[in-house]
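A closer look at the structure
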Amino acid sequence: MSDITLVNTVFPSEVKVPPQGLLYLTSALEGAGFDVEIRDYQQGTLPGPWEPETLASFTEDSADVLGFSAMSYALPLIISTARLIKKRHPDKRIVLGGIGPSGAGEQLLEYCPEIDVIVLGEGERTVVDLLTAMRRGNDVASVSGIIYRQGEKVRRTAPRPRIPSLTELAPPAYGRVDFSKYRLVDSQFGRGCPFPCAFCDIAPYWDRFNTKRPIEHYVAELETLVKSHGARDVFIVDDTFVLSRPTILQFCDEIRRRNIEFSWGCYARVDLMDEALMERMAAAGCQKIFYGLESGADHVLEEIDKNITSDLIIERVRQSLEHFPFITASFVWGFPGESLEDLQSTAYLLIYLASLGASPQLNLVLPYSYSTLYKQYRDQITFRPEYSSQLQFYEGDRSWICDMIATSPEIFSAFYQIPTPDLEEKWQFLNDAGLSPHDLQRAYDHPVPLAMEIC
């Protein structure tokens, strides 16, 4: 039997992507001599994937150590599943990793005794040390970067330093993936974002510190991914891939020099892009850009520390649409300082960019546990299920989820709402305008038809 079963806890959908994080963990564990089994829940075919019994069945006959990688929305499912698993297999050790469990912290283990360990932050080195300690029967207190249970007490060990460069890690275990089962492939040049956006939880999760590696090292990995594994559509998941203009120009030149033919996309900020850079990226195969634009009201952009303007947004998106087939224009609404008129400005801008050909995304701001907004408003967040975008991942009877969420805002904060003026009026306005918040909460590859007038 395998030493560990790693489960990618992403719900099945039409857009499937290989679990890159687990592939990094797999390479690290196999390099240390462990046998790893990967189970990708998004590839599951059992009915009712949002039901704990379904996930528990998916993990049957797993290794004695069972690791779940999870975002915040999956926490209710994983908690309920862990209880089922431990009831049936009390000797299994359940380990959680990812931004959702990390953000919940000690409270999660106190709330759910069936979970044994949370791996914090980058897991490649931590999980090797953890499994080594478990195999030898040692106390896991010696492992840096975890939260664990010691008897009835929950403890946190010393933080583990960030990995300075992905050159220190083995490439993801792409050989374990059948790419024909996935729509595209994620890839990573570096980790971390230095920008201070108040609503974001990902940048503080990485301590607002960006690490990267030599371009030659990264492009060599991409070349293997494309030429040896057959990847044709790659999305670079760095929070801000275009952070360094000279580096991206070098990247584009290296792609063309090696004659690597593939389609790729990335996240970007409008203030880091210019037309000359767009031309070079497009010539190197870039097809998709995801812009986090957030608001159409300049004072809101200033308040959330986005440090861009609506005029710059319009200029850069117009330019981008001349060079790239797919532009996602992502907006967020419901900020504490946002008026109904501010939201209307956001809606006007979203509709205008959609009319140019951009694909719109619209999300109600969430109090993610690492975000600045959560820290400022944690005592004022409220849970109103009808407004929760995270609940939309679950179908059928949601009463068991709502009961769980309502008792523990510190664990399930992503299901809550930050105080914002006129929430009901804003919600009604968006629906009347044909901008249903739940319908537009995810990005699309193609422009979404929208009503071109706001009542």
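Everything quoted here is computed from the prediction, not taken from an experiment.

Turning next to the pairing of strand β9 (residues 233-236). Bridge count between strand β8 (residues 185-187) and β9: three bridges; the pairing is parallel. Bridge pairing in β9 places D186 opposite F235. Where β9 and strand β10 (residues 263-268) come together, four bridges link them in parallel fashion. Looking at the pairing, F235 lines up with G265 of β10.

Here helix α1 (residues 20-31) contains twelve residues, and its C-alpha end-to-end distance of 17 Å stays within 8% of the 16 Å for a straight helix at 1.5 Å per residue. Restricting attention to buried positions, one finds in α1 the residues Q20, L22, L23, Y24, L25, T26, S27 and L29. Summarising the contacts, the buried residues of α1 are in contact with β1 (4-8), β2 (36-40), β3 (65-69), α6 (124-136), β8 and α8 (215-227). G33 occupies a position one or two residues after α1 and carries a positive phi of about 95°.

Ordered in space as β2-β1-β3-β4-β5-β6-β7, the seven strands form an open sheet in which the pairing is mixed. Because the sheet does not close on itself, it has two edges, and the strands there are β2 and β7 (153-156). The mean inter-strand angle of the sheet, taken between neighbouring strand axes irrespective of direction, is 20°. Direction of pairing for β3 relative to strand β4 (residues 93-97): parallel, over a ladder of five bridges. In the sheet register, G67 faces β4, and the bridge partner there is V95.

In this section: the packing of helix α3 (residues 75-88) against helix α15 (residues 399-407). How two helices pack is summed up by the angle between their axes together with the distance between the axes. Interhelical geometry of α3 versus α15 gives an angle of 100° and a closest axis separation of 10 Å. Classed by the angle they form, the pair α3 and α15 counts as roughly perpendicular. Along the contact surface, α3 presents P76, L77, I79, S80 and R83, while α15 presents W400, I401, M404 and I405. A class-by-class count of the residues in the contact of α3 with α15 yields seven nonpolar, one polar and one charged.

The full count for this structure, using the stated rule, is 25 salt bridges. E122 serves as the salt-bridge partner of R162, at 3.0 Å between the closest nitrogen and oxygen. A residue pair is termed long-range when its members are at least 10 positions apart, and R162 in the loop between β7 and β8 and E122 in the loop between β5 (117-119) and α6 qualify at 40 residues. R191 is the partner of E124 in a salt bridge, and the nearest nitrogen-oxygen pair spans 2.6 Å. With E124 in helix α6 and R191 in the loop between β8 and α7 (202-205), this residue pair connects regions lying 67 residues apart in the sequence.

Within the fold, R208 resides in the loop between α7 and α8. Exposure remark for R208: the relative accessible area of 27% places this residue in the partly exposed category. Between the C-alpha atom of R208 and that of G192, which follows or precedes it by 16 residues, the distance is 6.1 Å. Residues within four places of R208 in sequence aside, it is in contact with C193, P194, F195, P196, C197, A203 and T372. Side-chain polar atoms of R208 contact the backbone oxygen of F195, separated by 2.7 Å.

What follows deals with the sheet that holds β10. Strand pairing in a sheet is mediated by backbone hydrogen bonds. Such pairs are either parallel or antiparallel. The parallel open sheet is built from six strands, whose spatial order is β8-β9-β10-β11-β12-β13. Both edges of this open sheet fall to β8 and β13 (359-364), since each of them pairs with a single strand only. Here the strands of the sheet are splayed against their neighbours by 20° on average, with no regard to which way each runs. Across six bridges, the pairing between strand β12 (residues 326-333) and β13 is parallel. Each bridged residue has a counterpart across the sheet, and for S330 the counterpart in β13 is Q361.

This part takes up the environment of A406. As for its position among the elements, A406 is in helix α15. Overall, the relative accessible area of 49% leaves A406 in the partly exposed class. Separated by 206 residues in sequence, A406 and C200 place their C-alpha atoms 23 Å apart. For A406, the residues in contact, after removing those within four places along its chain, are F383 and Y416.

Okay, the confidence of the model for the chain next. In the predicted model, the chain carries a mean pLDDT of 94, and the fraction of residues at 70 or more is 96%. For residues 443-449, every residue scores under 50 in pLDDT, and the model assigns this stretch 18 contacts once sequence neighbours within four places are set aside. Within the model, the stretch residues 451-455 combines pLDDT values under 50 with eleven contacts to residues more than four positions away or in other chains.

On the surface, D298, E302, E303, D305 and D311 cluster together into a patch of negative charge. Element by element, the count of residues in the negative patch is highest for helix α11 (residues 298-303), at three residues. Within the secondary structure layout, E302 lies in helix α11.

Time to look at α6. In a regular helix each residue adds 1.5 Å, so 13 residues correspond to 18 Å; α6 covers 19 Å between its end C-alpha atoms and thus fits that length. Every buried residue belonging to α6 is among E124, T126, V127, V128, L130, L131, A133 and M134, and all of these are buried. For α6, the elements touching its buried residues are β1, α1, β3, β4, β5 and β6 (146-150). G137 occupies a position one or two residues after α6 and carries a positive phi of about 75°.

Our next topic: the nonpolar core. Counting residues in each nonpolar core, the largest one holds 65 residues, and the members touching the most others are F241, F251, W264, M273, M281, I289 and Y291. Counting residues per element, this core draws most heavily on helix α13 (residues 340-356), at seven residues. Not counting residues within four places of it along the chain, the set of residues in contact with W264 comprises V234, I236, F241, F251, C252, M281, A284, G285, C286, Q287 and K288. Counting 53 residues, the second largest nonpolar core, distinct from the first, contains Y41, I85, A297 and I418.

Parameters at a glance
- Residues numbered from 1 in each chain as written.
- Predicted model: local features only at pLDDT ≥ 70, side-chain atom pairs only at ≥ 80, totals over all residues.
- Heavy atoms only, no water.
- Pairing = 2+ DSSP bridges.
- Helix = DSSP H or I, 4+ residues; strand = E, 2+ residues; numbered from the N terminus.
- Expected span 1.5 Å × (residues − 1).
- Buried < 20%, exposed > 50% of the residue type's maximum accessible area, 1.4 Å probe, protein only.
- Contact = heavy atoms within 4.5 Å.
- Axes fitted to C-alpha atoms, helices over the stretch in contact; angles between N-to-C directions.
- Parallel < 35°, antiparallel > 145°, perpendicular 65-115°, else oblique.
- Nonpolar A, V, L, I, M, F, W, Y, C, P; charged D, E, K, R; others polar.
- Salt bridge = Lys/Arg side-chain N within 4 Å of Asp/Glu carboxyl O.
- Polar contact = N/O pair within 3.5 Å; in protein donor to acceptor, adjacent residues only side chain to side chain.
- pLDDT = per-residue confidence, 0-100.
- Patch = residues over 30% accessible without salt bridge, like charges linked within 9 Å, V, L, I, M, F, W, Y side chains within 5 Å.
- Areas by Shrake-Rupley, 256 points an atom, 1.4 Å probe, with all protein chains shown as cover.
- Lys, Arg positive; Asp, Glu negative; His and termini not counted.
- Charge placed at Lys NZ, Arg CZ, Asp CG, Glu CD.
- Core = buried A, V, L, I, M, F, W, Y, C linked by side-chain atoms within 4.5 Å.

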